[in-house]
Amino acid sequence: MKKILSLLIFISISTIVAQQKVDLNYYLPQGISYNANIPTPKSIIGFQVGDWHVSHDKLVEYMKVLAKTSDRITIENRGTTYEGRPLLLLTITSPKNHQNIESIRNEHLKLSDASLSSSLNTNEMPLVIYQGYSIHGNEPSGANAGLLVAYYLAAAEGDYINELLDNTVILFDPSYNPDGLNRFASWVNTHKSQNIITDNNDREYSEAWPRGRTNHYWFDMNRDWLVSQLPESQARIKSFHQWKPNILTDHHEMGTNATFFFQPGIPSRTHPLTPKLNQELTAKIGEYHAKAFDKIGSLYYSEESFDDFYYGKGSTFPDINGGIGILFEQASARGHAQQSDNGVLKFPFAIRNQFTAALSTLKAGKNMRTDLLEYQRNFYKNAQKEIIRDKNKAIIFGDTSNKTKTFHFAEMLKRQKIKFYSNNGNYIIPLNQPNYRMIKGMFEKRTTFKDSLFYDVSAWTLPLAFNINYSYTSKISNLSNEVTDLSFPKGIVSAKSDYAYLFEWNEYYTPKALYNILKKGLRAKVAMKPFSLNGKNYDYGTIMIPAQNQKLSANKIYDLLKKTADKTGVDINAANTGLTKGIDLGSSTFKIVKKPKVAVLVGDGITSYDAGEIWHLLDTRYQIPITKLDTKSLSKADLSKYTTIIIPNTSGSTLNTSKENLKTFVKNGGILIGYRNSLKWLNTNKFISLDLKKANAKTKNVAFDQRQNLKGAQVIGGAIFEAELDRTHPINFGYSQHKIALFRNTTVFIKPDSIKTYKSAIQYTKNPLLSGYISKENLKIMSETIPFKTAKLGKGKVIVFTDNTNFRAFWYGTNKLMMNAIFFGKFM
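Residues numbered from 1 in each chain as written. Predicted model: local features only at pLDDT ≥ 70, side-chain atom pairs only at ≥ 80, totals over all residues. Heavy atoms only, no water.

Undergrad: What is the right way to look at the environment of Phe 824 in this model?
TA: In this structure, Phe 824 sits in helix H24 (residues 812–824). Exposure remark for Phe 824: the relative accessible area of 0% places this residue in the buried category. For the pair formed by Phe 824 and Pro 730, sequence separation is 94 residues and the distance between their alpha carbons is 6.3 Å. Sequence-distant contacts of Phe 824, that is, excluding residues within four places in its chain, are made with Trp 505, Val 526, Ile 543, Val 593, Pro 730 and Phe 733. (Helix = DSSP H or I, 4+ residues; strand = E, 2+ residues; numbered from the N terminus. Buried < 20%, exposed > 50% of the residue type's maximum accessible area, 1.4 Å probe, protein only. Contact = heavy atoms within 4.5 Å.)

Spelled out as structure tokens, the structure:
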């Protein structure tokens, strides 16, 4: 009994630590004075940094106070998040520089224009450093350290700080992800004990789904820098291009048992478009980090784990823009203190490490100022030499049958300061412009690599993602119509009709248009075959709205359709007769389309990224309400309310108790759409019969330290593949080509039916790889498999996709596949 009691006492002591009381001396450099007129963080937020997790509103409050009290700081609000939180940016430099800030900015921008940069004297120019914190909201030591960095820059006194501020302009982004940061702070502060529990089984360290990593719609915003689909990213990218910083830092956290990482990453995983000198300068900056961490006795490492390949990450995006991107990864307490392999990891310790890295970055920038400015100038000068050698001189892109999707593609280019010109209904991008390397990075197809392991995707060819036609040209004529002002293309209604209206399904926002019509109680039908009327050809999937026997009068229908066309960019044609060449408008080949009532599964066991992408697509783009069904209550939920239920990526382990409820839903006429690994669960539980294939790597005598690399090489982290379409199938309505580019990041392969009675609706080609990495074994087995299948179950349908059609909000080109399953699934 005594032994048991002693053990319990030992366990209790080892999992509880007293609240660590720290003051500013724990964090700040010593031996310097601080301006007493500058408020400390504690005086404004009400607690010492590290005692609690700062909420975003308190962070904002402190930044505003600093801007009011310090002549070194100005502040701007660049917009708001989805949840209405401000996206602040502080500009921190010497008062003298503030008086000439626009002149400094304009001179600095000339470094990125080879036609203007030669005359600049970099010895007299300040360096521009962008410091940003906690793009993953549940990696909060960065944003909390930001309180201290801002205080230090505002209050520190002496020759060093004066020299630093005279020679740098610091763009200070205190929270990359306000919504996620606030969500996580609320969680850990709610569960904090007076006696800090370090046991990692404590609820404080087990966030509720979807966790604080992501933004409001559950996007990982550290993948959005290049494609800039989210409001937080768009504000940040605008600031980036207004200044073109020489260094950009991105403060993260990693596993609790780790130490501290700073770049460079794994050398063999650097994108080939990134100059070698970039990595050399990154390593030289790393020496400053090492020295600073040695001084405080913190463990660290570099050139492992992380890479610099995908340009959509914060630490890699600057590399294609003449700057140096730097990733910091601090071992995470994921709360206030946790046991780890390196002892008890306390939140203040994590904050101090992030603070130390921020200051060592500034010191490196000050001391390496001219080297980094010269690097930026030469980056763009060398790009000009590459332009001369490039046999291609321009890229033509566009899709006249889908002007709204083309608009969004052009809008994305505009955000990245890429120039393009109108060209007979399409657009032309001359390669001879400062952002040549970024253009190459956006449009390139790459299938050979130095390494077979990737931290993120290995391909992102953007015209393929948008399903936009594009081509290179070696000739370029005089360009005079530069597109400087983009506006959303409005649709029109050709005339008022007392008979019917027609619109083809090709435009991106046709689902929004159709839903807007159906929610008004109007009757609409879809054409299962093509036809022509009044000299115009109408393709598969054309929508017909009768003008008679509707809930609205003919005049009100006309008014509704005009507003719908205006908002969606969809052109709607009046029909004055039902007699056509092909199927007549009264034919039974026109099928009634019912207003969909859609739900998506969320909660434990579901991949929040995938669920968020679906929620975001329907809610923000198509304006279609979508219910979020939690897996915890799914077994008892009344599913008869819905026409369609979507299962995002999941192993299915949390769905087992809901299996019968889901089956009943389908058997009674519902449409169940499954994505990615949910297919395995649906197959095992006999919702649908799938013949799944699996590749086996043939290897011998693999060394122990290479086993993980071998496994990693069989992962499809994200690549692009070609598939053939049966355009007559409803899943492909709205697609004008017989081939499509599909994004894939799973190894779920479905064999086509052995008896080829019918053509596969979508089937990978024999040699499907378009861009990205895939192992030889996986490529061989993937050949001619099918990424889509549908089956009847009772009165309903089960529809499955092996991969994500809505990836990261920028895969516009395959969004319509899911929308077709929602609207037309019962016809498949």
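Undergrad: Please explain the side chain of Arg 236 as it appears in this structure.
TA: When you line up the elements, Arg 236 lands in helix H10 (residues 231–243). It is Asp 173 that comes nearest to the buried, bridge-free Arg 236 among opposite-charge side chains, at 5.4 Å. (Lys, Arg positive; Asp, Glu negative; His and termini not counted. Salt bridge = Lys/Arg side-chain N within 4 Å of Asp/Glu carboxyl O.)

Undergrad: Could you clarify how one ought to interpret the sheet that holds strand E29 (residues 719–725) in this entry?
TA: Hydrogen bonds between backbone atoms are what pair the strands of a sheet, whose relative direction is either parallel or antiparallel. The strand order E30-E29-E32 describes an open sheet built from three strands, whose pairing is antiparallel. The open sheet has two edge strands with one neighbour each: strand E30 (739–744) and strand E32 (762–771). When strand polarity is set aside, the average angle formed by the axes of neighbouring strands in this sheet is 35°. Sheet topology note: the E29/E30 ladder contains six bridges and is antiparallel. Residue Phe 721 lies in a different strand from E30, and its bridge partner there is Leu 742. Relative to the sheet, H24 contacts E30 and E32, its axis offset from that of E30 by approximately 90°. (Pairing = 2+ DSSP bridges. Axes fitted to C-alpha atoms, helices over the stretch in contact; angles between N-to-C directions.)

Undergrad: Looking at this model, I keep getting lost on the sheet that holds strand E3 (residues 86–92). Mind explaining?
TA: The seven strands are arranged E2-E3-E5-E4-E7-E9-E8 in an open sheet whose pairing can be described as mixed. The open sheet has two edge strands with one neighbour each: strand E2 (73–80) and strand E8 (260–262). Averaged over all neighbouring strand pairs, the angle between strand axes comes to 20°, with direction disregarded. Bridge count for E3 against strand E5 (residues 168–173) is three bridges, and the pairing is antiparallel. Bridging from a neighbouring strand, Leu 90 pairs with Phe 172 of E5. Docked against the sheet, helix H7 (residues 141–155) engages E2, E3, strand E4 (127–133), E5, strand E7 (247–254) and strand E9 (324–331), running at close to 140° with respect to E4.

Undergrad: Can you help me understand the packing of helix H11 (residues 276–296) against helix H12 (residues 347–367) in this one?
TA: Each pair of packed helices can be described by the angle between their axes along with the distance between the axes. Running from N to C, H11 and H12 point in directions that differ by 135°, and their axes come no closer than 8 Å. It follows that H11 is oblique to H12 by the angle criterion. Crossing angle aside, the handedness with which H11 passes H12 is right-handed. The residues of H12 that touch H11, namely those facing Ile 285, Tyr 288, His 289, Ala 292, Phe 293 and Ile 296, are Arg 352, Asn 353, Thr 356, Ala 357, Ser 360, Thr 361, Lys 363, Ala 364 and Asn 367. Along the lines of polarity and charge, the residues of the contact of H11 with H12 split into seven nonpolar, six polar and two charged. (Parallel < 35°, antiparallel > 145°, perpendicular 65-115°, else oblique. Left-handed = near helix turned anticlockwise from the far one by under 90°. Nonpolar A, V, L, I, M, F, W, Y, C, P; charged D, E, K, R; others polar.)

Undergrad: Can you help me understand the nonpolar core in this one?
TA: What tends to happen in soluble globular proteins is that the nonpolar side chains get buried as a cluster. Formed by 162 residues in total, the largest nonpolar core has its most connected members in Phe 503, Ile 645 and Phe 823. Here the element with the most residues in this core is H24; it accounts for eight residues. Among residues more than four places away in sequence, those in contact with Phe 503 are Thr 510, Ala 513, Leu 514, Ile 517, Thr 542, Ile 543, Ile 545, Val 570, Asp 571 and Ile 572. Tyr 27, Leu 66, Tyr 152 and Met 368 belong to the second-largest nonpolar core, a separate cluster that totals 67 residues. (Core = buried A, V, L, I, M, F, W, Y, C linked by side-chain atoms within 4.5 Å.)

Undergrad: What is the right way to look at helix H19 (residues 608–621) in this model?
TA: Each full turn of the α-helix corresponds to 3.6 residues, which orients residues three or four apart in the same direction. With 14 residues, H19 should reach 20 Å at 1.5 Å per residue; the first-to-last C-alpha distance of 19 Å fits that figure. The element H19 is largely enclosed, with a buried count of eleven among its 14 residues. Every buried residue of H19 is listed here: Ser 608, Asp 610, Ala 611, Gly 612, Glu 613, Ile 614, Trp 615, His 616, Leu 617, Leu 618 and Arg 621. At its buried positions, H19 is contacted by helix H17 (510–518), strand E24 (598–602), strand E25 (626–630), strand E26 (644–647), strand E27 (671–675) and H24. A positive phi of about 55° marks Gln 623, the residue just after H19. (Expected span 1.5 Å × (residues − 1).)

Undergrad: Where do I start with unusual backbone geometry in this structure?
TA: The phi angle of most residues is negative, glycine excepted, and most peptide bonds adopt the trans form. Of the consecutive residues Trp 209 and Pro 210, the connecting peptide bond is found in the cis state with omega at 5°. Position of Pro 210 relative to the elements: it lies in the loop between strand E6 (195–197) and H10. Along the chain, Gln 263 connects to Pro 264 via a cis peptide bond; the corresponding omega equals 20°. Its identity is not glycine, yet Asn 534 carries a phi of approximately 55°, on the positive side. Inspection of the secondary structure puts Asn 534 in the loop between strand E18 (531–533) and strand E19 (536–538). The exposure class of Asn 534 is exposed, given its relative accessible area of 57%. Of note in this structure, Arg 808 is not a glycine but carries a positive phi near 50°.

Undergrad: Mind showing me how you'd approach the pairing of E4 here?
TA: Across the seven residues that make up E4, a large majority, seven, are buried. The pairing of E4 with E5 spans six bridges and is classified as parallel. From the neighbouring strand, Leu 127 faces E5, where its bridge partner is Thr 168. Direction of pairing for E4 relative to E7: parallel, over a ladder of five bridges. If you follow Tyr 133 over to E7, its bridge partner there is His 251.

Undergrad: Would you take a moment to explain helix H18 (residues 554–568) for this structure?
TA: For H18, spanning 15 residues, the distance from its first C-alpha to its last is 21 Å, which sits close to the expected 21 Å at 1.5 Å a residue. All buried positions along H18 are accounted for by Ala 554, Ile 557, Tyr 558, Leu 560, Leu 561, Thr 564, Ala 565 and Thr 568. In a view along the axis of H18, the buried residues occupy a sector of 165°, so they form one face of it. Away from its buried face, by an angle of more than 90 degrees, H18 presents the exposed residues Lys 556, Lys 563 and Lys 567. Where H18 is buried, its residues touch helix H14 (403–415), strand E16 (500–503), H17 and strand E20 (543–546). Just beyond H18, the residue with positive phi is Gly 569, at close to 80°. (Arc of directions from axis to C-beta.)

Just distances and angles here, no functional claims.
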